[in-house]
Each structure stands twice: as C-alpha cells, then as structure tokens.
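# Understanding the architecture of this molecule
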Amino acid sequence: NVYTASVDETVKKIDPQGNTVWTNNDHNNDVDGVAVDKEGNVYTASFSFDTSSGIVRKLDSQGNTVWTNTDHTSTVRDVAVGKNGNVYTASSDNTVKKIDPQGQTIWTNTDHTSTVRDVAVDKNGNVYTASADETVKKIDPQGQTIWTNNDHTRAVNDVAVGKNGNVYTGSFDDTVKKIDPQGQTIWTNN
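Scope of this entry: the structure provided in the associated data block. Just so it is clear, the structure is predicted and the values come from calculations on it, not from any experiment.

This part covers the overall build of the chain. The secondary structure content of the chain amounts to 0 helices and 19 strands. Its C-alpha radius of gyration of 16 Å places the chain within 12% of the 16 Å reference for a compact globule of 190 residues. Structurally, the chain occupies a C-alpha span of about 45 × 35 × 30 Å along its principal axes. Residues counted as buried form 53% of the 190 residues belonging to the chain. With 17 positive and 25 negative side-chain charges, the chain shows a spacing of 6 Å between the two charge centroids.

Laid out in structure tokens, this is it:
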C-alpha cells in the first residue's frame with residue numbers, strides 16, 4: 001500500500017493496484033509528512049490554523065483519527081515512527097519531539113537553531129535530524145544530543161539511517177553524505 005500526504009490537506013491510502021482505499025480530511029493545512037507502523041496505523045505532520053500549532057495525528061488502519069498532538073508551536077515538517085510505537089517529529093519551531101503511542105509528548109530536544117526539516121529513527125530508538133541550520137544530529141532515546149555533524153554548507157533537507165548505523169543526508173548544498181555511527185563524514189557525493 002502507498003500512503004500520501006498532500007497540499008490538498010488530505011492523507012490517502014492507495015492499494016497496490018492504484019485505487020484509493022480511504023481519504024482522511026481532518027487536516028486544515030498542507031500535510032507535510034506521513035509514516036506508517038507495522039500495524040498499519042498512519043502518522044501525519046501538519047499545521048493547524050485553528051489552534052496556531054503544529055499538528056501530529058495518528059490515524060488507524062481505516063483512516064480514522066485516533067489522537068492529535070498540538071505541542072509544536074509551528075509547522076511539523078516530518079514524522080517517523082519507531083518499532084515500539086513512539087513517534088518522532090521535526091518542526092519549524094526548531095525542535096524535535098518524542099511522542100508516546102497514546103499521543104503524549106515524552107521529551108523535546110531544542111538543540112537546533114533553525115527549522116528541523118526531516119527525522120529518522122533507528123532500531124535502538126536513536127533519532128537523526130536534518131536541519132536548515134546546516135547540521136545533522138544524533139539524539140539518544142532520552143532526548144539528549146549525542147553528536148552534531150557540521151559538514152554541510154547549506155540546509156540539510158533529508159536524513160536516513162541504515163541498519164548498521166550509517167547515516168545518509170541530502171542537502172541544498174547539492175551533496176549527499178554518508179556519516180558513520182560516531183558522526184564523522186565517510187564520503188560526499190556531489
């Protein structure tokens with residue numbers, strides 16, 4: 001199945017044949033990020049004009065809203081879900097949050113100085129962030145920054161982590177980098 005987040009304020013589930021299974025219309029602004037857990041629950045990232053806050057929603061496998069978290073003060077740019085159901089968010093309020101499976105914020109990391117554009121989580125609950133402040137950070141499961149990589153020269157837009165802990169980033173400096181588990185750049189592709 002494919003899950004989409006759209007500027008038309010909807011989230012859709014599309015089956016392997018390309019048919020729309022369901023559409024969720026509960027957002028009132030662009031939906032910027034989507035993630036899916038192993039049970040088929042869907043997590044979305046957005047902003048609400050009604051509450052003037054960033055929005056994280058959990059939808060069940062049928063597309064119904066289960067809970068809404070409004071603890072961000074600006075647009076939520078991306079969302080990731082860990083193997084135990086915790087949710088991780090990246091926001092224009094320069095923060096990263098860990099949210100429990102019931103929708104309650106566990107911690108907030110405030111170590112970025114500009115918009116956090118992307119977030120990823122590994123199998124051990126470590127969090128990786130990409131930010132407009134030109135940095136990549138690794139954050140431990142308790143919300144403390146372990147390391148910061150400053151090797152990009154413009155905003156970092158995307159981050160992914162491999163099964164052996166290597167981190168991959170894409171930036172507006174027109175490069176892709178591979179970073180080792182200790183935060184050192186292994187190579188740069190431009």
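Past the structure itself, the notes keep going.
All right, on to the sheet that holds strand β10 (residues 96-99) then. Spatially, the 4 strands line up as an open sheet ordered β8-β9-β10-β11, and their pairing is antiparallel. A strand with exactly one partner marks an edge of an open sheet, and here the two such strands are β8 (76-81) and β11 (105-109). Averaged over all adjacent pairs, the angle separating strand axes in this sheet is 20°, with direction ignored. Where β10 and β11 come together, 4 bridges link them in antiparallel fashion. Bridge assignment links Lys 98 to a residue of β11, and that residue is Trp 107.

Here 4 strands make up an open sheet; going across it, the order is β4-β5-β6-β7 and the pairing antiparallel. Both outer strands of the open sheet, β4 (31-36) and β7 (65-72), are each paired with one neighbouring strand and no more. Taking each pair of neighbouring strands and ignoring which way they run, the sheet shows an average axis angle of 20°. The pairing of strand β5 (residues 42-48) with strand β6 (residues 53-59) spans 7 bridges and is classified as antiparallel. The residue bridging Tyr 43 from the neighbouring strand is Lys 58, located in β6.

Unusually for a residue other than glycine, Asn 94 sits at a positive phi of about 70°. We note that Glu 134 has phi near 75°; this positive angle belongs to a residue other than glycine. For Glu 134, the location among the structural elements is in the loop between β13 (127-131) and β14 (136-139).

Basis of the calculations
Residues numbered from 1 in each chain as written. Predicted model: local features only at pLDDT ≥ 70, side-chain atom pairs only at ≥ 80, totals over all residues. Heavy atoms only, no water. Helix = DSSP H or I, 4+ residues; strand = E, 2+ residues; numbered from the N terminus. Rg over C-alpha atoms; globule rule 2.2 N^0.38 Å. Buried < 20%, exposed > 50% of the residue type's maximum accessible area, 1.4 Å probe, protein only. Lys, Arg positive; Asp, Glu negative; His and termini not counted. Charge placed at Lys NZ, Arg CZ, Asp CG, Glu CD. Pairing = 2+ DSSP bridges. Axes fitted to C-alpha atoms, helices over the stretch in contact; angles between N-to-C directions.

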